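Survey of secondary and tertiary structure
Below are the chains, spelled out letter by letter.
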Amino acid sequence: MRPSPADTASMRRALALAEEAASAGEVPVGAIVLDASGSVVGQARNRREETHDPSAHAEVLALREAARATGGWNLDGCTLVVTLEPCLMCAGALLQARISRLVFGAWDDKAGAAGSLYDVVRDRRLPYRAEVVAGVLEAEAREILARFFAPKR
């Protein structure tokens, strides 16, 4: 599936959130939830270090904000835009929220669950699946991650 101009614009916003995360010492991941009309209903960056919460991934926090904004957990018709391929926890959360589309930037060969290591998001054995648009502004997303992790290696 090819990204739309709206996917690319939303990814730029998510990349700005990833930069904020990096500045705060967090793994640089940013996420945005768009409703069916394309309006932002949730956005977040990683906050695990800040909150001491292992579930404080950008995707989970953005889904929580979107559920509050829409008044319900069912986010059918919404799109999740995230700078890094979701892990197993986040893939499960987006499926439980009934997200219709997932747009992500960089692939995660170590923990990805939307096509690289696992493909939970499109697993036909599950009762709900999401459309996946991968590699949107991938080079930019990878660069932010590489810059963050370089001094740690």
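Nothing here was measured: the structure is a model prediction, and the numbers come from that model.

Re the nonpolar core
Grouped together as the largest cluster of nonpolar side chains are 46 residues, with contacts concentrated most on Met 11, Val 33, Leu 94, Ile 99, Leu 102 and Val 121. Contacts of Leu 102, omitting those with residues within four sequence positions, involve Leu 80, Val 82, Pro 86, Leu 94, Ala 114, Val 121, Glu 131, Val 132 and Val 133.

Examining the pairing of strand E2 (residues 40-45)
Inspection of the sheet shows strand E1 (residues 30-34) paired to E2 by 5 bridges, in the antiparallel sense. Following the sheet pairing, Val 33 is matched in E2 by Gly 42. With antiparallel pairing between neighbouring strands as the criterion, E1 and E2 make up a hairpin whose turn holds 5 residues, including Gly 38 at a positive phi of roughly 95°.

Quick notes on the packing of helix H1 (residues 5-23) against helix H5 (residues 138-149)
Taken N-terminus to C-terminus, the directions of H1 and H5 make an angle of 0°; their axes are 10 Å apart at the nearest point. Here H1 is positioned roughly parallel relative to H5, judged by the angle of their axes. Of the residues in H5, those in contact with Arg 12, Leu 15, Ala 18, Glu 19 and Ala 22 of H1 are Glu 140, Ala 141, Ile 144, Arg 147 and Phe 148. Its residues assigned to classes, the contact of H1 with H5 shows 6 nonpolar, no polar and 4 charged.

What about the pattern of salt bridges?
Applying the stated criterion across every chain, the model contains 9 salt bridges. Here Asp 119 and Arg 122 are joined by a salt bridge, their closest N and O atoms 3.1 Å apart. With relative accessibility at 30%, the residue Asp 119 sits in the partly exposed group. A salt bridge links Arg 125 to Asp 123, with the shortest nitrogen-to-oxygen separation between them at 2.6 Å. Three or more residues are tied together by salt bridges with common partners; here these are Asp 7, Arg 101 and Glu 131.

Describing the layout of surface pockets
Of the pockets and cavities examined, the largest pocket occupies roughly 530 Å³. Looking at the largest pocket, it is lined by 20 residues, and the ones nearest its centre are Val 27, Leu 84, Asp 108, Leu 145 and Phe 149. In terms of residue count, H5 provides more of the lining of the largest pocket than any other element does, 4 residues in total. Considered class by class, the residues forming the lining of the largest pocket number 10 nonpolar, 2 polar and 8 charged.

Section: the sheet that holds E2
Within the open sheet, the 5 strands sit side by side as E2-E1-E3-E4-E5. Their pairing is mixed. Each of the sheet's edge strands pairs with one partner strand only, and the pair in question is E2 and strand E5 (131-133). Pairs of neighbouring strands in the sheet enclose a mean axial angle of 15°, with direction left out of account. Strand direction decides the pairing type here: E1 and strand E3 (residues 79-84), joined by 4 bridges, are antiparallel. Pairing of Ala 31 across the sheet is with Val 82, part of E3.

Quick word on the environment of Ala 18
Position of Ala 18 relative to the elements: it lies in helix H1. The spatial distance from the C-alpha of Ala 18 to the C-alpha of Pro 5 is 20 Å, given a sequence separation of 13 residues. Setting aside chain neighbours within four positions, we find Ala 18 in contact with Pro 28, Val 29, Gly 30, Thr 83 and Ile 144.

Thresholds applied
- Per chain, residue numbering runs from 1 following the sequence as it is written.
- Restriction of local features to residues with pLDDT of at least 70 applies here, the model being predicted, together with a cutoff of 80 or more for giving and counting side-chain atom pairs; totals for whole chains, interfaces and linings are based on all residues.
- Water and hydrogen atoms play no part in the side-chain values, which are based on all heavy atoms of the structure.
- Buried Ala, Val, Leu, Ile, Met, Phe, Trp, Tyr and Cys residues form a nonpolar core when they are joined through side-chain atoms within 4.5 Å.
- Throughout this description, buried means an accessible area under 20% of the type-specific maximum (1.4 Å probe, protein chains only), exposed means over 50%, and partly exposed covers the range between.
- By the convention used here, residues are in contact when the closest approach between their heavy atoms is within 4.5 Å.
- Two strands qualify as a pair provided that DSSP identifies no fewer than 2 bridges between them.
- Strands here mean DSSP runs of E at least two residues long; helices mean DSSP runs of H or I at least four residues long; both are numbered from the N terminus.
- Geometry is summarised by axes, namely lines fitted to C-alpha atoms with helices restricted to the contacting stretch, and by angles between N-to-C directions that run from 0 to 180 degrees.
- Our angle categories are set so that under 35 degrees counts as roughly parallel, over 145 as roughly antiparallel, 65 to 115 as roughly perpendicular, and the remainder as oblique.
- Classification convention: Asp, Glu, Lys, Arg as charged; Ala, Val, Leu, Ile, Met, Phe, Trp, Tyr, Cys, Pro as nonpolar; all other residues, Gly among them, as polar.
- A pairing counts as a salt bridge when a side-chain nitrogen of Lys or Arg comes within 4 Å of a carboxyl oxygen of Asp or Glu.
- Using only the protein atoms, space was sampled on a 1 Å grid; points where a 1.4 Å probe fits but cannot get out form cavities, open sets with protein on both sides within 12 Å along at least five of seven lines form pockets, and lining residues are those with an atom within 4 Å of a point.
- Grid points are joined across faces, edges and corners, and a volume is the space filled by probe spheres set on the points.

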